[in-house]
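Residue-level listing of the chains:
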Amino acid sequence: MIVTLKGDITQEQYTSLIDRIKGKGLEPNIDKGTSKTVIGLRGDTKGIETGYFMVDGVESVTRVSKRYKLVSRDFHPSDSAIDVSGVKIGSGYFAVIAGPCAVESEEQLFAAAEAVKKAGASLLRGGAFKPRTCTYDFQGLGEEGLELLARARDMFHLPIVTEILDTRDLELFEKYNIDMYQVGARNMGNTALLKELGTVKKPVLLKRGMSATIEELLSSAEYIVSNGNPNVVLCERGIRTFETSCRNTLDLTAVRIVKRESHLPIIVDPSHATGVLDLVGPMSLASVAAGTDGLLIEVHPDRRKALSDAHQQLPPEEFSALMVKIEKLRKALE
Ligand code: PEP
Ligand code: MN
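Residues numbered from 1 in each chain as written. Chains lettered and ligands numbered in written order. Predicted model: local features only at pLDDT ≥ 70, side-chain atom pairs only at ≥ 80, totals over all residues. Heavy atoms only, no water.

1. Remarks on the sheet that holds strand S2 (residues 27-32)
In a beta sheet, neighbouring strands pair by backbone hydrogen bonds and run either parallel or antiparallel. Operational definition: Strand pairing is assigned whenever DSSP identifies at least 2 bridges connecting the two strands. The helix and strand labels rest on DSSP assignments: H or I over at least four residues marks a helix, E over at least two residues marks a strand, and numbering proceeds from the N terminus. The axes used here are C-alpha line fits, helices contributing only the stretch in contact, and every angle between their N-to-C directions lies in the interval 0 to 180 degrees. Here, residues are in contact when the closest pair of their heavy atoms is within 4.5 Å.
Read from one edge to the other, the open sheet built from 4 strands follows the order S2-S3-S1-S4, with strand pairing classed as antiparallel. Looking at the sheet topology across the chains shown, the edges are occupied by S2 and strand S4 (58-62). Neighbour-to-neighbour, the strand axes of the sheet open up by a mean angle of 20°, direction not taken into account. Where strand S1 (residues 2-5) lies against S4, 4 bridges are found, and the strand directions are antiparallel. What sits directly across from Leu-5, in S4, is Val-58. Its contacts with the sheet put helix H1 (residues 11-23) on S1, S2, strand S3 (37-42) and S4, and the angle it makes with S2 is roughly 140°.

Spelled out as structure tokens, the structure:
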């Protein structure tokens, strides 16, 4: 349920309204927007008439009819910014998350980290646990990968993002104080994992499933937020279509549709969306033009030797040149 306040509500009316909300066992989620203050009510409102909150100082009370509520724009009309260990994403803050597909060695990770830091990326990403299609392919270094990421964070002063495949790895993620937990496309609908991430105090990067609708993506985000963790960043990473010339089909409409439907930030991953080196740059720029809150770009110091996704990881010089173009475009669009 959503309570919209009148502009001239008095302090007394406000306090009494908040008491009324709490008296029903509900938690007020206050969004002081530029034009209006909206209070989203968290908790079970099923047995309560909207009229119960239609008191002095209140303009309107409505129910959220969507299947996802807490992540909806109705519930929280202004954009949310998510803080990843000091790096903000959303609500005007733009962040580039970059690094190799998989953490392969200290030499490889540190070279990538140094390069992406120098080029202006704000977060370092690399997979320690890789969800590979083929069981015989490189599955990641596991704990050793997390340890290397933590060391790279300290050396290059970049918060780290890495994928969590299984709730059994949560303890390890805590041990290395991972700054942002990625949920990959294959796990977007893994509700056991999503619920568990609701109890974690670290931000979650939730990637769209390869055959998931935008509504399903938002419904998955609702699992995390409704279980107690409001810090979710969504990621468009392409969907499966009949087109075969790319790994996936990048759905840039998702950026605008998510922004219309939700207050959560959304970033784009042109690396996995295309799987084609030459398309990563143009699609990054197209994503910026569409209004993305950030980008996830794979960068490898020597992609010919990469143990996964060798076709799509940018060499450091190309990444650096792309970052210049991204900045130019962002300035031009301001
Ligand atoms: C990844 O980000 O490393 C990855 C495997 O991507 P996705 O989950 O989008 O396929
Ligand atoms: Mn990859």
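2. A few points about the coordination of the manganese ion (ligand 2)
Counted only if it meets this: Note that water is not among the atoms used; donors are N, O and S atoms within 2.8 Å of the metal (3.2 Å for Na, K and Ca), so sites may look incomplete. Per-residue accessibility, obtained with a 1.4 Å probe over protein chains only, is compared with the maximum for each type, and a residue is labelled buried under 20%, exposed over 50%, and partly exposed between these values.
The protein atoms donating to the manganese ion (ligand 2) are Cys-101 (SG), His-272 (NE2), Glu-298 (OE) and Asp-309 (OD), with metal-donor distances spanning 2.0 to 2.4 Å. Spacing between the donor residues of the manganese ion (ligand 2) along the chain follows C-x170-H-x25-E-x10-D. Of this pair, Cys-101 sits in the loop between strand S7 (95-99) and helix H2 (106-119) while His-272 sits in helix H8 (residues 270-274), placing them 171 residues apart in sequence. An identical accessibility class is assigned to Cys-101 and His-272; each is buried.

3. Points about the pattern of salt bridges
Rules: The term salt bridge refers to a pairing of a side-chain nitrogen on Lys or Arg with a carboxyl oxygen on Asp or Glu at a separation within 4 Å.
Tallying each qualifying case throughout the model produces 22 salt bridges. Linking Arg-247 and Asp-309 is a salt bridge whose minimum nitrogen-to-oxygen distance equals 3.0 Å. One end of the pair, Arg-247, is in the loop between strand S12 (232-236) and helix H7 (253-261); the other, Asp-309, is in the loop between strand S14 (294-298) and helix H10 (316-333), with 62 residues separating them in the sequence. Accessibility expressed as a relative area gives 35% for Arg-247, which makes it partly exposed. Owing to a relative accessible area of 18%, Asp-309 belongs among the buried residues under this scheme. Taken together, the shared-partner salt bridges connect Lys-66, Asp-74, Arg-260 and Glu-261 into one network.

4. Considering unusual backbone geometry
A positive phi angle is found at Ser-85, which is not glycine, with a value near 45°. Among the structural elements, Ser-85 can be located in the loop between strand S5 (82-84) and strand S6 (87-89). Note on Ser-85: relative accessible area 46%, which makes it partly exposed. One non-glycine residue, His-157, lies in positive phi territory at about 55°. His-157 sits in the exposed class, given a relative accessible area of 61%.

5. Points about the site of ligand 1
The test is simple: Residues are labelled near a given molecule or strand when at least one of their non-hydrogen atoms is within 4 Å of it. Each polar contact in these results corresponds to two N or O atoms within 3.5 Å; when the atoms are within protein, one needs to be able to donate a hydrogen and the other to accept it, and residues that are neighboring in sequence are counted only if both atoms are side-chain atoms. Calculation of accessible area relied on Shrake-Rupley with a 1.4 Å probe; when residues are assessed, cover is drawn exclusively from the protein chains displayed.
The local shell around ligand 1 consists of Arg-125, Lys-130, Pro-131, Gln-182, Gly-184, Ala-185, Arg-186, Lys-207, Arg-237 and His-272. Lys-130 is positioned such that a nitrogen or oxygen atom in its side chain is 2.9 Å from an oxygen atom of ligand 1. At 2.9 Å, a side-chain N or O of Gln-182 approaches an oxygen atom of ligand 1. In isolation ligand 1 exposes 290 Å². Once the protein is present, 97% of that is buried.

6. Thoughts on the side chain of Glu-163
We count it as follows: In this charge count, Lys and Arg are treated as positive and Asp and Glu as negative; neither His nor the chain ends contribute.
Along the polypeptide, Glu-163 turns up in strand S9 (residues 160-163). One buried charged residue, Glu-163, forms no salt bridge at all, with the nearest opposite charge on Lys-130 at 5.1 Å. Looking at Glu-163, its side chain comes within polar contact range of the side chain of Gln-182, at 3.4 Å. A distance of 3.4 Å separates the side chain of Glu-163 from the backbone nitrogen of Gly-184, its partner in a polar contact.

7. Thoughts on the environment of Glu-298
Along the chain, the position of Glu-298 falls in strand S14. As a C-alpha pair, Glu-298 and Val-280 span 18 residues in sequence and 9.2 Å in three-dimensional space. Not counting the four nearest positions on each side in its chain, Glu-298 is found in contact with Gly-99, Cys-101, Arg-125, Ser-271, His-272, Asp-309, Gln-312, Gln-313 and Leu-314. Reaching out from Glu-298, the side chain makes a polar contact with the side chain of His-272 at a distance of 3.0 Å.

8. Let's talk about the pairing of S9
Short version of the rule: The definition of a right-handed crossover adopted here requires that, viewed with the strands pointing away, the path from the first strand over the helix to the second runs clockwise.
Judged by which residues are buried, S9 turns out to be covered on both faces: Ile-160 and Thr-162 on one side and Val-161 and Glu-163 on the other are all buried. Sheet analysis places strand S8 (residues 123-125) next to S9, joined by 2 bridges and oriented parallel. Residue pairing across strands places Leu-124 opposite Ile-160, the latter belonging to S9. What joins S8 to S9 is helix H3 (residues 143-156), and the crossover it makes is right-handed.

9. Quick notes on the packing of aromatic side chains
For clarity, the cut-off: Think of it this way: a Phe, Tyr or Trp ring, Trp meaning its six-membered ring, pairs with another when their centres are within 6.5 Å, and the plane angle makes it stacked under 30 degrees, edge-to-face over 60, tilted otherwise.
Going through the model one piece at a time under the given rule, you end up with 4 aromatic pairs. Judged by centre distance (5.9 Å) and plane angle (90°), the ring pair of Phe-110 and Phe-156 falls under edge-to-face. Of this pair, Phe-110 sits in helix H2 while Phe-156 sits in helix H3, and the two are 46 residues apart along the sequence. Pair check on accessibility: Phe-110 and Phe-156 agree, each one buried. Between Phe-173 and Tyr-181, the aromatic rings sit 5.0 Å apart at their centres with planes inclined by 65°, giving edge-to-face as the arrangement.

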